[in-house]
Amino acid sequence: MTQATFGVRPLPGASFGGLVEFPAGADTEAAIAAVEAAPEAFLEAFYAAHGLLVMSGMHAVTAQPELLVRLSRVFGPEVEDYTETTTARNNIHPDVPEILVVSNVPPATPRVPAKPEPELTADGRLPVQFPHRRGWHTDQSYRRPPPDISLFYAETPVPKGQGQTLYADGIGAYAALPDAMKARIAGLDAIHVSPGRGRSEQAALAGGPAPALDPRDTPQRQPIVRIHPVTGEPALYLCEAGQLDWFEGPVHGMEKGPHGDGAKLVYELMSHYTDPRFVHVQDWSAGDLIVYDNRCTIHSATWFDADAHSRRMWRTTVRGNPGAIYAGEARSWLAAS
């Protein structure tokens, strides 16, 4: 195993994020060992980059998936075991229960985002900004306390130009808001709900009553402005159509429903949050690994040709430091267990 150190430089072409670099010839296990040897420096770089780091060439994770869990523990001791949640077993790695499999390859449940309409922006670029780009969310915001950090690994990506993942900077987006908007949203909560529970914007627009939910899926209020528990920086913390409750919300205390004042505020904020100046587009290569902070970033998947290409991505989730506002709370998703 080659000895390794690491450095972090700004992510090329992005306004936030960092690219982790190791000496030439360093293998995956050596790279992880280097991070484990200097965790404070690695975490300092992570938070300085507003919670987004890209690591390339981590190919050995494919054959040794436990390495992904090992790296995850740098960010906290509690790496989620997906068999202890309501996650379908076919979407969990067969040998490592801490790994969620996001794929169109059986036995996983296929996940293929729709193409945006139109497919490109007026100047011929990949759409990133809401509402042209849909699907923006942060992991498990429908839980209290929500998770801290996720690691996302490209085992089998699709060809370049498809299947990208978009990341947006909640710290930078909040800082760029006008003072009047900052004052307007101070203290406001959005109401988050698990996707696929019949509470989305589309479901509300279709009419009909809101469906009953399992106690573990109870919608949860989350602050629209979230103070990062490590850095103290304020960040936008918000999702859009599929992960907010558009029957009881989307914003607590404001006019309900997809035509209400709460909906208008969500549209305004999400359009700002996903402005291209705050977005990084990850065009995946095999062995790429991204670490992202759910407390201050959001992300969205893009379309790929699932009839022609197979895609397998792995995710771990680390929790344990959501911030003082969640202190002492029972875990909402274990309410019925």
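Refer to the structure above for everything that follows.
The shown structure was predicted, so the numbers you read here are calculated from the model rather than taken from an experiment. (Residues numbered from 1 in each chain as written. Predicted model: local features only at pLDDT ≥ 70, side-chain atom pairs only at ≥ 80, totals over all residues. Heavy atoms only, no water.)

1. As for the overall build of the protein
Convention followed: Numbering of helices and strands starts at the N terminus; helices are DSSP runs of H or I of at least 4 residues and strands are runs of E of at least 2. Each radius of gyration is computed over the set of C-alpha atoms, and the globule rule expresses the reference value as 2.2 Å times the number of residues to the power 0.38. A 1.4 Å probe rolled over the protein chains alone gives each residue an accessible area, and that area as a share of the maximum for its type sets the label: buried under 20%, exposed over 50%, partly exposed in between. In what follows, residue pairs with any heavy atoms lying within 4.5 Å of each other are defined as contacts. Residue-level accessible areas treat just the shown protein chains as cover; the underlying method is Shrake-Rupley with a 1.4 Å probe. Counted charges follow a simple rule, with Lys and Arg positive, Asp and Glu negative, and His plus the chain ends left uncounted. Where a charge lies is defined by one atom per residue type: Lys uses NZ, Arg uses CZ, Asp uses CG and Glu uses CD.
Summing up its helical and strand segments, the protein has 7 helices and 15 strands in all. For the protein, whose C-alpha radius of gyration is 19 Å, the value lies close to the compact-globule estimate of 20 Å for 337 residues. Across its three principal directions, the C-alpha atoms of the protein cover 60 × 50 × 45 Å. Expressed as a percentage of the 337 residues in the protein, the buried residues total 52%. When contacts within the protein are restricted to residue pairs at least 6 apart in sequence, those whose partners lie at least 24 apart make up 78%. For the protein, the accessible area works out to roughly 14100 Å², and carbon and sulfur atoms hold 53% of it. Across the protein, the mean location of the 28 positive side-chain charges is 4 Å away from that of the 39 negative side-chain charges.

2. Things to note about the packing of aromatic side chains
Going by this rule: Pairing of aromatic rings covers Phe, Tyr and the six-membered ring of Trp, with a centre-to-centre limit of 6.5 Å; geometry is then stacked below 30 degrees between planes, edge-to-face above 60, and tilted otherwise. A positively charged side chain is recorded as over a ring if its NZ (Lys) or CZ (Arg) lies within 6 Å of the ring centre. The angle to the ring normal must also be within 35 degrees.
Counted by the stated rule, this structure contains 9 aromatic pairs. Measuring from ring centre to ring centre gives 5.2 Å for F46 and F75, while their planes differ by 70°; the resulting arrangement is edge-to-face. One end of the pair, F46, is in helix α2 (residues 39–48); the other, F75, is in the loop between α3 (66–72) and β4 (78–79), and 29 residues separate them in sequence. Here the two residues F46 and F75 agree in accessibility, since each one is buried. Both rings, one in Y153 and one in W314, keep their centres 5.7 Å apart while their planes meet at 45°; by these two values the pair is tilted. Here the residue Y153 occupies a position in strand β6 (residues 149–156), and W314 occupies one in strand β15 (residues 312–319), the gap between them amounting to 161 residues. For the pair Y153 and W314, one class covers both residues: buried. The ring of W303 carries the charged tip of K115 above its face, separated from the ring centre by 4.2 Å.

3. Remarks on unusual backbone geometry
The linkage connecting R144 with the following residue, P145, adopts the cis geometry, with an omega of -10°. When you line up the elements, P145 lands in the loop between β5 (100–103) and β6. Here H50, not a glycine, exhibits a phi torsion of approximately 60°, which is positive. Here H50 shows up in the loop between α2 and β3 (52–55). Backbone geometry places Q140, a non-glycine residue, at a positive phi of 55°. Along the chain, Q140 turns up in the loop between β5 and β6.

4. Side note on α2
An α-helix turns once every 3.6 residues. As a result, residues three or four positions apart point the same way. Every buried residue of α2 is listed here: F42, A45, F46 and Y47. For α2, the secondary structure elements touched by its buried residues are β1 (7–10), β2 (18–21), α1 (28–37), β3, β6 and β13 (289–293). Immediately downstream of α2, the backbone of H50 shows phi near 60°, a positive value.

5. Digging into the sheet that holds strand β7 (residues 165–169)
Working definition: the strands of a sheet are paired by backbone hydrogen bonds and lie parallel or antiparallel to each other. Where we set the bar: Between any two strands, at least two bridges found by DSSP are needed for them to pair. All axes are obtained by fitting lines to C-alpha atoms, using only the stretch in contact for helices, and the reported angles, taken between N-to-C directions, cover 0 to 180 degrees.
Spatially, β12-β7-β14 is the arrangement adopted by the 3 strands of the open sheet, whose pairing is antiparallel. Taken across any chain shown, the strands that pair with only one partner, and hence form the sheet edges, are β12 (279–282) and β14 (297–301). With strand direction ignored, the average angle separating the axes of adjacent strands in the sheet is 20°. Where β7 and β14 come together, 5 bridges link them in antiparallel fashion. The residue bridging D169 from the neighbouring strand is T297, located in β14.

6. Topic: the pattern of salt bridges
The following threshold applies: Salt bridges are identified by distance alone: a Lys or Arg side-chain nitrogen within 4 Å of an Asp or Glu carboxyl oxygen.
Considering all chains together, one arrives at 22 salt bridges under this definition. Its salt-bridge partner being E240, residue R134 comes within 4.0 Å of it at the nearest N-O pair. Residue R134 is found in the loop between β5 and β6, and its partner E240 is found in the loop between β11 (234–236) and α7 (261–273); the two are separated by 106 residues along the sequence. Judged by its relative accessible area of 38%, R134 is partly exposed. Take E240: its relative accessible area is 2%, and that puts it in the buried class.

7. Points about the environment of H228
To keep it simple, the criterion reads: Residues adjacent in sequence count toward polar contacts only when both atoms are side-chain atoms; beyond that, a polar contact is any pair of N or O atoms within 3.5 Å, and within protein one must be able to donate a hydrogen and the other to accept it.
Relative to the helices and strands, H228 resides in the loop between β10 (225–227) and β11. Its relative accessible area of 3% is what places H228 among the buried residues. Sequence separation of H228 and F278 is 50 residues, and the distance between their C-alpha atoms is 18 Å. For H228, the contacting residues outside a window of four places in its chain are Y47, E233, D293, R295 and C296. Of the polar contacts made by the side chain of H228, one reaches the side chain of D293; its length is 2.7 Å.

8. Looking at the nonpolar core
Nonpolar side chains in soluble globular proteins tend to be buried together. Counted only if it meets this: Take the buried residues of types Ala, Val, Leu, Ile, Met, Phe, Trp, Tyr and Cys, join any two whose side-chain atoms come within 4.5 Å, and each joined set is a nonpolar core.
Grouped together as the largest cluster of nonpolar side chains are 34 residues, with contacts concentrated most on M55, F75, L151 and L289. Not counting the four nearest positions on each side in its chain, L151 is found in contact with L68, L71, S72, F75, L289, I290, V291, W314, R315, T316 and V318. Judged by nonpolar contacts, the second largest core, of 31 residues, contains C239, W246, Y273 and V279.

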